[in-house]
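Working through the structure, step by step
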Amino acid sequence: MCRRLPAVALALALGTVLALLAAAPALAAGYRYWSFWDGAADGQWSYATQGPSLARPADGSVQGFRFAVSKDAAAEAAKPRAAADFEAVCGATAAVEGRKRVALVIDFGVQADAPSGEVAPQEAPRTACAQVAPEATTAEALAAVAKPLRYNSAALLCAIAGFPQHGCGEQIADTGAPKASGVPSAPSGSAPGGGGGGPSAGLLAGIALVAVLAAAGVWQSRRRGR
């Protein structure tokens, strides 16, 4: 019976650790950044696999941009709030030989996601039909209709039409304040950062609890066995 005490104590400790981990809050709500999207024929959006400076959309394509505080995963990023509808954006723009038409949906997001002291340029998404050279990238199409653009040294798209004036893909803590971890260096069109940041306080507390209870169990077993 005495020999079973350490195992029982360890099992209880492990259960406590799992409960702590399940209850531990996320370290951050996400990142404040411009995400990049490809429009489909059915009007839906899919997270772009290339940044706008690399993507070369075909004539008749729809490309979307959304500014928001989003999770650092494509499945959880905020999508443009307008449909990917080429005809609605470029239907009135006549085709020109030697040029291609790219429909752009630019969603400046909601005011709650704007950096402190800044105001989103407009509430509804902006649309524009860019008529550019056949080999033009999405970034070039965007620059034709929504200057000024701003990029950081890692080619992350920081601002469209001058918004926001400051910041670039900063991580946002649960309180809504930017964390002091710096700007992530990732290509625009993909999530700006991965998880990480080291073990949480809940995990460290759980590990400590395992050690204490296991040691107590061993000590009690030896004491009763004397």
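Up top you'll find the structure we're talking about.
The notes below deal with the structure included here. (Residues numbered from 1 in each chain as written. Predicted model: local features only at pLDDT ≥ 70, side-chain atom pairs only at ≥ 80, totals over all residues. Heavy atoms only, no water.)

**Remarks on unusual backbone geometry**
- Residues K147 and P148 are joined by a peptide bond in cis, for which omega reads -5°.
- Along the chain, P148 turns up in the loop between α3 (138-145) and β6 (150-151).
- Note that the residue after F163, namely P164, is joined by a cis bond; omega there is -5°.
- Along the chain, P164 turns up in the loop between β7 (157-159) and β8 (170-173).
- Of note, A155 is a non-glycine position whose phi angle comes to about 70°, a positive value.
- Mapped onto the fold, A155 is located in the loop between β6 and β7.
- The phi dihedral of A161 falls on the positive side, at around 55°, and the residue is not glycine.
- Looking at the secondary structure, you find A161 in the loop between β7 and β8.
- Judged by relative accessible area, which is 24%, A161 ranks as partly exposed. (Helix = DSSP H or I, 4+ residues; strand = E, 2+ residues; numbered from the N terminus. Buried < 20%, exposed > 50% of the residue type's maximum accessible area, 1.4 Å probe, protein only.)

**Comments concerning the side chain of Q63**
- Inspection of the secondary structure assignment puts Q63 in strand β3 (residues 61-70).
- Here Q63 falls in the buried class, since its relative accessible area comes to 4%.
- Among the polar contacts listed, one links the side chain of Q63 to the side chain of D38, at a separation of 2.9 Å. (Polar contact = N/O pair within 3.5 Å; in protein donor to acceptor, adjacent residues only side chain to side chain.)

**Looking at the nonpolar core**
- Membership of the largest hydrophobic core comes to 21 residues, with the highest contact counts inside it found for W34, F65, L104, I106, L142, I160 and F163.
- Within the residue set of this core, elements represented by two or more residues are β1 (28-39), β3, β4 (100-107), β5 (126-132) and α3.
- Ranked by the residues each element gives to this core, the list is headed by β4, at 3 residues.
- What I106 contacts, discounting residues up to four positions off in sequence, is W34, F65, P125, R126, L142, A146 and I160.
- Formed by 14 residues, the second largest nonpolar core is a distinct cluster that contains Y33, V62, C90 and A103. (Core = buried A, V, L, I, M, F, W, Y, C linked by side-chain atoms within 4.5 Å. Contact = heavy atoms within 4.5 Å.)

**So, the packing of aromatic side chains**
- Throughout the structure, instances matching the rule amount to 6 aromatic pairs.
- With centroids separated by 5.6 Å and ring planes inclined at 80°, the aromatic side chains of W34 and F108 adopt a geometry described as edge-to-face. With W34 in strand β1 and F108 in the loop between β4 and β5, this pair connects stretches of sequence that are 74 residues apart.
- Classification of W34 as buried rests on a relative accessible area of 1%.
- Of the residues examined, F108 reaches a relative accessible area of 1% and is grouped as buried.
- Arranged with centres 5.0 Å apart and planes meeting at 15°, the rings of F36 and F65 form a pair that is stacked. One end of the pair, F36, is in strand β1; the other, F65, is in strand β3, with 29 residues separating them in the sequence.
- The exposure class assigned to F36 is buried, which follows from its relative accessible area of 1%. (Phe/Tyr/Trp six-rings, centres within 6.5 Å; stacked < 30°, edge-to-face > 60°.)

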